[in-house]
Amino acid sequence: AAKQAIDGSLYFRLAQVHFELENYQDTIKYLQLASATGPLKKPGPHHLLNGLAHYELNRIEKASTAFRKASKFKTTEQQAVRWLTYIEQSLTKSR
């Protein structure tokens with residue numbers, strides 16, 4: 001069924017389900033599949049979820065990159081900026 005989702009929305013939904021199940025690697029896999037289907041209908045939430053999954057896998061640089069992308073969209077700007085601030089503060093404290 002997922003292969004028929006031309007706009008990637010079904011892959012995105014699968015990514016959300018895997019995130020809820022704490023399967024972060026699978027979350028990233030399905031987000032990549034969603035991206036591969038073409039332009040995303042809602043790129044902000046896509047990038048935000050990608051950042052969250054990378055953060056949970058302790059891939060801070062990739063998480064930051066995804067949050068910066070998410071911060072460019074009105075629907076996810078506030079959350080993404082909060083995450084970027086949190087990451088920056090965490091890195092500053094650990095130095």
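See the structure shown above.
A brief structural summary. Everything numeric in this text was worked out from a predicted model, so none of it was measured.

1. Things to note about the environment of Tyr24
Next, step 1: Here Tyr24 shows up in helix 2 (residues 24-36).
Next, step 2: Overall, the relative accessible area of 14% leaves Tyr24 in the buried class.
Next, step 3: Measuring from C-alpha to C-alpha, the distance between Tyr24 and Tyr55 comes to 9.3 Å, with 31 residues separating the pair along the chain.

2. Looking at the pattern of salt bridges
Side chains that differ in sign of charge can pair as their charged atoms come close.
Next, step 1: Scanning the entire structure with this criterion turns up one salt bridge.
Next, step 2: Between Arg68 and Glu61 there is a salt bridge, with the nearest N and O atoms lying 3.7 Å from each other.
Next, step 3: Of the residues examined, Arg68 reaches a relative accessible area of 39% and is grouped as partly exposed.

3. Things to note about the environment of Gln16
Next, step 1: Within the secondary structure, Gln16 is located in helix 1 (residues 9-20).
Next, step 2: Owing to a relative accessible area of 28%, Gln16 belongs among the partly exposed residues under this scheme.
Next, step 3: A C-alpha to C-alpha distance of 9.8 Å links Gln16 and Ile28, two positions twelve residues apart in sequence.

4. Points about helix 1
Next, step 1: Between the first and last C-alpha of helix 1 there are 17 Å, a value that for twelve residues agrees with the 16 Å anticipated at 1.5 Å per step.
Next, step 2: Those residues of helix 1 that sit buried are Tyr11, Phe12, Ala15, His18 and Phe19. One side of helix 1 holds all its buried residues, which, seen down the axis, span an arc of 120°.
Next, step 3: For helix 1, the secondary structure elements touched by its buried residues are helix 2 and helix 3 (43-56).
Next, step 4: Following helix 1 by one or two positions, Glu22 adopts a phi angle in the positive range, close to 65°.

Cut-offs applied
Residues numbered from 1 in each chain as written. Predicted model: local features only at pLDDT ≥ 70, side-chain atom pairs only at ≥ 80, totals over all residues. Heavy atoms only, no water. Helix = DSSP H or I, 4+ residues; strand = E, 2+ residues; numbered from the N terminus. Buried < 20%, exposed > 50% of the residue type's maximum accessible area, 1.4 Å probe, protein only. Salt bridge = Lys/Arg side-chain N within 4 Å of Asp/Glu carboxyl O. Expected span 1.5 Å × (residues − 1). Arc of directions from axis to C-beta. Contact = heavy atoms within 4.5 Å.

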